[in-house]
Amino acid sequence: MTVDIDKTPADTPPAGPEAIKAIPVRHYGRYVSAVVAIALLVGVVYAFSQGKINWGAIPDYFFDDRIVRGVGQTLLLTVLSMVIGISGGITLAVMRLSKNPVTSSVAWFYIWFFRGTPVLVQLFVWFNLGLVFEYINLGPFYKDEWSDFMTPFLTALLGLGLNEAAYMAEICRAGLLSVDEGQTEASHALGMSHGKTLRRIIIPQAMRVIVPPTGNEVINMLKTTSLVSAVQFYELFRYAQDIGQTSGSPVEMYFLAAAWYLLMTSILSVGQYYIERYYARGSSRSLPATPFQKIRANVLSLSSRSKPKGGTA
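Residues numbered from 1 in each chain as written. Predicted model: local features only at pLDDT ≥ 70, side-chain atom pairs only at ≥ 80, totals over all residues. Heavy atoms only, no water.

In this section: the overall build of the chain. Of the regular secondary structure elements, the chain holds twelve helices and two strands. Residues counted as buried form 28% of the 313 residues belonging to the chain. Long-range pairs, those at least 24 residues apart, make up 71% of the contacts in the chain between residues at least 6 apart in sequence. (Helix = DSSP H or I, 4+ residues; strand = E, 2+ residues; numbered from the N terminus. Buried < 20%, exposed > 50% of the residue type's maximum accessible area, 1.4 Å probe, protein only. Contact = heavy atoms within 4.5 Å.)

Listed below in structure tokens is the structure:
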């Protein structure tokens, strides 16, 4: 009698389902949009290259003494105007949040007026207030005619700084309101005064909300300084205009001024990024890598891949 013996190994696993082969979806719209964007960019560059613009005049005057002086005046006016705007904005924000109806109403009216009128109009109003105030009289400290007192620099500083205070007031108010009310109640329960609570508890936590829009306001202020050329204050744009008129290259000097503005705003944007990253430490468990850290990580990964693995056989 013969017995059939199963020759299949007992430990052979049963055949499972076939592995799924994933095929990525092709996004043809992305390719088309990329080609269209590149074509438009090439077309714009070609149009400017064929225009009647003396591009050689830009590097010739890029570091001209007047241009460099204008850059310094622009930066100085930006810093001083933002100092006035930030300090005034914090004061107005605290006044808006005050329970005193008088101070709250005054702050509201200030913000309503300066946010509702163009900054260029405000500059001209400050420049021509001599029609209302013939003299400026501060008693024994200072007395002079308004036309001599209100110089172009002071006009630009007041016009930009006081207008910026209205916008910074709303930014600071939003930041203060973003802090939970329980923080204030807890600090008062510990015996801290209202002013100390603001300095030690509320403002440090509100900075995470205040810093990003404030950085945008600084960059916007740098560009807005070009308006003060209308009140005879010499900054980057006004110097570029004068050089363009005397050299016969007005359009080229506009491009030169635009290049300087792009350079300065780019530097400010980098500073804003790191300041925002600093104040985000308490809200994020892990901070995102900086551009330099990303570059270093990519370089290290490439170098590690290029090294041979293991030894020779």
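A few words on the side chain of S104. Relative to the helices and strands, S104 is located in helix α4 (residues 101-116). Overall, the relative accessible area of 19% leaves S104 in the buried class. Apart from the residues lying within four places of it in its own chain, the contact partners of S104 are M95, R96 and S98.

Overall, the coordinates contain 14 aromatic pairs when judged by the stated rule. Centroid distance W55 to F255: 5.3 Å. Interplanar angle 50 degrees. Geometry classified as tilted. In this pair, W55 is assigned in the loop between α1 (28-50) and α2 (57-61) and F255 in helix α11 (residues 250-279), connecting sequence segments 200 residues apart. Residue F255 is classed as partly exposed on the basis of its relative accessible area of 29%. A centroid spacing of 5.5 Å and a plane angle of 40 degrees characterise the contact between F109 and W112, whose relative ring orientation is tilted. Placement of both F109 and W112 in helix α4 is noted, with a separation of three residues, approximately one turn of the helix. Judged by relative accessible area, which is 47%, F109 ranks as partly exposed. Here a set of aromatic residues connected by ring pairs shows up, and it is made of F48, W55 and F255. (Phe/Tyr/Trp six-rings, centres within 6.5 Å; stacked < 30°, edge-to-face > 60°.)

What follows covers the nonpolar core. One finds L77, L160, M168, L176, I202, A206 and V228 to be the most contacted residues of the largest nonpolar core, which totals 21 residues. Only α3 (65-96), α5 (119-127), α7 (152-177) and α9 (194-224) provide two or more residues apiece to this core. By residue number, the principal contributor to this core is α7, which donates seven residues. Those residues in contact with M168 that sit more than four places away from it in its chain are M82, G85, I86, G89, T214 and E217. F62, I243, M253 and M264 belong to the second-largest nonpolar core, a separate cluster that totals 15 residues. (Core = buried A, V, L, I, M, F, W, Y, C linked by side-chain atoms within 4.5 Å.)

Here the focus is a nonpolar patch on the surface. Taken together, W108, F109, W112 and F113 make up a surface patch of nonpolar side chains, about 480 Å² in accessible area. By the element assignment, W108 lies in helix α4. Looking at W108, the relative accessible area reads 45%, which means it is partly exposed. (Patch = residues over 30% accessible without salt bridge, like charges linked within 9 Å, V, L, I, M, F, W, Y side chains within 5 Å. Areas by Shrake-Rupley, 256 points an atom, 1.4 Å probe, with all protein chains shown as cover. Salt bridge = Lys/Arg side-chain N within 4 Å of Asp/Glu carboxyl O.)

What follows concerns the side chain of T155. As for its placement among the helices and strands, T155 is situated in helix α7. With relative accessibility at 0%, the residue T155 sits in the buried group. Residues in contact with T155, not counting those within four places in the same chain, are L123, W126, F127, M150 and V231.

Direction vectors running N to C along helix α10 (residues 236-247) and α11 enclose 155 degrees, while the axes themselves pass 8 Å from each other. When the interaxial angle is binned, α10 and α11 end up roughly antiparallel. By crossing handedness, the relation of α10 to α11 is classed as right-handed. For the pair α10 and α11, contact is made by L236, F237, A240, Q241, I243 and G244 and by P250, M253, Y254, A257, W260, Y261 and M264, respectively. Looking at the contact of α10 with α11, its residues break down into eleven nonpolar, two polar and no charged. (Axes fitted to C-alpha atoms, helices over the stretch in contact; angles between N-to-C directions. Parallel < 35°, antiparallel > 145°, perpendicular 65-115°, else oblique. Left-handed = near helix turned anticlockwise from the far one by under 90°. Nonpolar A, V, L, I, M, F, W, Y, C, P; charged D, E, K, R; others polar.)

In this section: the packing of α9 against α11. Contact geometry of α9 with α11 gives a least axis separation of 10 Å together with a crossing angle of 175 degrees. As judged from the angle between their axes, α9 and α11 are roughly antiparallel. Between α9, through M207, R208, V211, P212, G215, N216, V218, I219, L222 and K223, and α11, the contact on the second element is made entirely by Y261, M264, T265, L268, S269, Q272, I275, E276 and Y279. Looking at the contact of α9 with α11 residue by residue, the class counts come to eleven nonpolar, five polar and three charged.

Here we take up α3. Here α3 is 32 residues long and its end C-alpha atoms lie 46 Å apart, about the 46 Å a rise of 1.5 Å per residue gives. One side-chain oxygen of the residue at the start of α3 lies 3.0 Å from the amide nitrogen of R66, identifying that residue as D64. (Expected span 1.5 Å × (residues − 1). Polar contact = N/O pair within 3.5 Å; in protein donor to acceptor, adjacent residues only side chain to side chain.)

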